[in-house]
Amino acid sequence: MAGSRSRDLDKLLLRPGHLVGPAFEPGTQLRDDLEEYVRILVVGAGGLGCELLKDLALSGFRNLEVIDMDTIEVSNLNRQFLFRLEDVGEPKAQVAAKRVMERVSGVNIVPHFCRIEDKELHFYSQFSIIVLGLDSIEARSYINSVACGFLEYDSNDEPLEETVKPMVDGGTEGFKGHARVILPGMTPCFECTIWLFPPQVKFPLCTLAETPRTAAHCIEYAHLIKWDEVHSGKSFDPDNPEHMQWVYSEASKRAQLFGIPGVTYTLTQGVVKNIIPAIASTNAIISAACALETLKIASGCSKTLSNYLTYNGVEGLHTKVTEFVKDKDCLVCGPGVFMELETSVTLKMFIDQLEEHPQLLMSGASVRFGGKNLYMAAPPLLEEMTRSNLGLPLFELMDKSPTGIVHVTGTAGKGDKRQSCLRKLRVAFKAVGITDTDMAGGA
Amino acid sequence: MIKLFKVKEKQRELAENSNGKPPVKKQSAGELRLHKDISELNLPKTCSISFPNGKDDLMNFEVTIRPDDGYYLGGTFTFTFQISSIYPHEAPKVKCKTKVYHPNIDLDGNVCLNILREDWKPVLNINTIIYGLYHLFTEPNHEDPLNREAAAVLRDNPKMFESNVRRAMAGGYVGQTFFTRCI
């Protein structure tokens, strides 16, 4: 399809250049391959998600899927431009997919109306690139751990390229936003730089209870203290309008009592749900940057952003790209320490080996695998519950998998520098699954 | 990465439905950090911890404190801890399960302890919080009141505060409020 729609794209994909990525091969084949072989998952179909789906579809990608657990609300309509008044109450993912397919010919978008945790890992593994348009740290952290979970390292602790699942993460808050490229194992993952997120503002409970000074104090009092006092046992649901209305009216009464102005229903929602007013233009700018990076990763038509763009439109306009570095010991994306073991090695022997291992020198270790605590050195209650595992072969405790990721906590280091630490280990068992092709990567 | 995507997409089409590896449960970074906190707990004799959902769910647990000094000597107080998947970016949610007559703990179990809210830092850990809670029983303070009546009594009439605490812990009324026995 060489119609007018791909005219601008063709300038990037059909011509050589000197600012291109390392393996760039311009030509119509590239354009066709992008259409045929690249599958993109967009996580979130809200303010950013709507923009992303539109931008990616118009950037020539044909196979898109979108996942979002929310339904459309009236308050979304000012910026989530794919939705109309009659769509209120419908799943965002479904309506967004339908609208973009109606307007952009040739694109296929599969919607998923569910929580991101509801999908099997296999679901995420099928995409070439995952693009995030989310508003929470929890959801980003989850997707990041899933994508980094596919990453494998070779024996030199170098990431295996075919296991790298690229992510492009966008985020906005009012007039501010960011776009970043995460190539697990190559650029810092979300967890490497989680400290970038400012701590949440939390008011002391006693201030709320005794000396409120602001409208937000009154709202948090109604939300955190008064709610429990009146509704014993019933938990507060921020998505239930009746609950929100109740908090608003209690907050208003309290504000009146203390002579504090400014409590409104919108502010109540804002404080309780931690909402910062969204700005349509910020979403558009951040989404454009994300879509472009996605195109660059897939096609190689230019080097990718390295690796974190911030945008600030509060006063004038300021954008900046910062190259953050990986945390080499990151528990999520790092290679971890490699250990090769006999299948007969018991958990006790394994723990003893950690003391001798030159990269670890770890004593008193506790061991965790796949969400299970194999051994806990403390507290005594858990030590007792896990002690019986010590005599069992680690291979069996790891469900007879030839390779696996184990996390250990203990005291490590030498002399005065001994300190408690948490390490990731890449364990492989000798003489198991040699014929298994998976082994080549893991060991 | 188009070449790689192309190869993988062709493989995927071939391998459709021949799902290889068994799914491994996804662990959050929060769980791992909590695993470290828990395995390093160093509690005073007066505090104990239990895991109602068994050894593999560390994200929900209970801490029981039996103060060995001060107004609350002899009482037993249980706190529930809920840990989020982005711990330690976010502080644990802690509530007191035992109804207690205390200036800094209200009758619904909300606790006014600075490190649980405004002063939480990711370098703090579960041990710090437990020591902080223990400290609330040895040094209740009337300056951060969550139970205003109790705080006023502690400030104006410590003798009366002491007898109110004894009465509440033994199981009985303080003013209009009934407290169940926790000795």
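Residues numbered from 1 in each chain as written. Chains lettered and ligands numbered in written order. Predicted model: local features only at pLDDT ≥ 70, side-chain atom pairs only at ≥ 80, totals over all residues.

Looking at an unreviewed UniProt entry, one finds chain B named UBC core domain-containing protein, with Lactuca sativa as its source organism. Here chain B is described in UniProt, under the heading Sequence similarities (unreviewed entry), as follows: "Belongs to the ubiquitin-conjugating enzyme family." (UniProt positions renumbered as here; feature names shortened; annotations may be inferred.)

Looking at an unreviewed UniProt entry, one finds chain A named NEDD8-activating enzyme E1 catalytic subunit and attributed to Ambrosia artemisiifolia. Among the UniProt annotations of chain A, the heading Pathway (unreviewed entry) holds the following wording: "Protein modification; protein neddylation." Listed in UniProt under the heading Function (unreviewed entry), the comment for chain A reads: "Catalytic subunit of the dimeric E1 enzyme, which activates NEDD8."

S.K.: Pulling in residues and values, what's your account of the interface of chain B and chain A?
M.R.: Contact with chain B, which involves 44 residues of that partner, is made by 58 residues of chain A. Counting only elements with at least two residues in the side of chain B that touches chain A, the list comes to helix H1 (2–15), helix H2 (29–39) and strand E1 (47–50) of chain B. At 8 residues, the largest contribution of residues to the side of chain B that touches chain A is made by H1(B). Taken together, the residues that form the side of chain B that touches chain A break down as 15 nonpolar, 10 polar and 19 charged. (Contact = placed C-beta atoms within 7 Å. Helix = DSSP H or I, 4+ residues; strand = E, 2+ residues; numbered from the N terminus. Nonpolar A, V, L, I, M, F, W, Y, C, P; charged D, E, K, R; others polar.)

S.K.: Provide a residue-level description of the domain arrangement of chain A, including the pertinent values.
M.R.: Splitting chain A by domain gives domain 1 (4–195 + 278–322), domain 2 (205–272) and domain 3 (337–442). Each of domain 1 of chain A and domain 3 of chain A has a C-alpha centre, and the two are 37 Å apart. (Domains from an automatic or database assignment.)

S.K.: Go over the UniProt feature "active site" (unreviewed entry) in chain A, please, and point to the residues and values.
M.R.: Within this numbering scheme, the UniProt entry marks Cys206(A) as carrying the feature "active site" (unreviewed entry). Among the secondary structure elements, Cys206(A) is positioned in helix H7 (residues 205–210). Setting aside anything within four residues of it in sequence, one finds Cys206(A) in contact with Cys112(B), Asp144(B), Pro145(B) and Leu146(B).

S.K.: Please provide a residue-by-residue account of the environment of Ser420(A), values included.
M.R.: Along the chain, Ser420(A) falls in strand E13 (residues 419–429). For the pair formed by Ser420(A) and Thr409(A), sequence separation is 11 residues and the distance between their alpha carbons is 7.2 Å.

S.K.: Kindly report on the UniProt feature "domain: UBC core" (unreviewed entry) in chain B, identifying the contributing residues and their values.
M.R.: The positions UniProt marks with the feature "domain: UBC core" (unreviewed entry) are residues 29–174 of chain B. Across residues 29–174 of chain B, the secondary structure splits into 32% helix and 16% strand, with the terminal C-alpha atoms separated by 45 Å.

S.K.: Quick one: what's the story with the UniProt feature "active site" (unreviewed entry) in chain B, residue by residue and with numbers?
M.R.: What UniProt calls "active site" (unreviewed entry) maps, in this numbering, to Cys112(B). Relative to the helices and strands, Cys112(B) resides in the loop between strand E4 (93–96) and helix H3 (126–138). Dropping the residues within four chain positions of it, Cys112(B) is found in contact with Pro204(A), Leu205(A), Cys206(A), Asn104(B), Asp144(B) and Leu146(B).

S.K.: Kindly report on the sheet that holds strand E1 (residues 39–43) of chain A, identifying the contributing residues and their values.
M.R.: Residues and elements named next belong to chain A. Spatial ordering of the open sheet is given by E3-E2-E1-E4-E5-E6-E7-E8, a layout of 8 strands whose pairing is mixed. What marks the edges here is a single partner per strand, and that holds for strand E3 (108–112) and strand E8 (318–322). Averaged over all neighbouring strand pairs, the angle between strand axes comes to 15°, with direction disregarded. Examined bridge by bridge, strand E4 (residues 129–133) and strand E5 (residues 167–173) share 4 bridges and lie parallel to one another. Bridge pairing in E5 places Val-131 opposite Val-168. Across the sheet, helix H6 (residues 137–149) is in contact with E1, E4 and E5; its angle to E4 comes to roughly 175°. (Pairing = 2+ DSSP bridges. Axes fitted to C-alpha atoms, helices over the stretch in contact; angles between N-to-C directions.)

S.K.: Lay out the UniProt feature "domain: E2 binding" (unreviewed entry) in chain A with the relevant residues and their values.
M.R.: Feature annotation in UniProt places "domain: E2 binding" (unreviewed entry) on residues 339–430 of chain A, given in this structure's numbering. A helix fraction of 23% and a strand fraction of 38% characterise residues 339–430 of chain A, whose end C-alpha atoms lie 10 Å from each other.

S.K.: Mind laying out the packing of helix H9 (residues 241–258) of chain A against helix H10 (residues 265–272) of chain A, listing which residues take part and the relevant values?
M.R.: Residues and elements named next belong to chain A. Running from N to C, H9 and H10 cross one another at 110°; their axes reach a closest spacing of 9 Å. Relative to H10, the element H9 is oriented roughly perpendicular. The two elements H9 and H10 cross, and the hand of that crossing is right-handed. When H9 is examined against H10, the residues Met-244, Val-247, Tyr-248 and Ala-251 are found in contact with a partner set consisting of Tyr-265, Thr-268, Gln-269 and Val-272. (Parallel < 35°, antiparallel > 145°, perpendicular 65-115°, else oblique. Left-handed = near helix turned anticlockwise from the far one by under 90°.)

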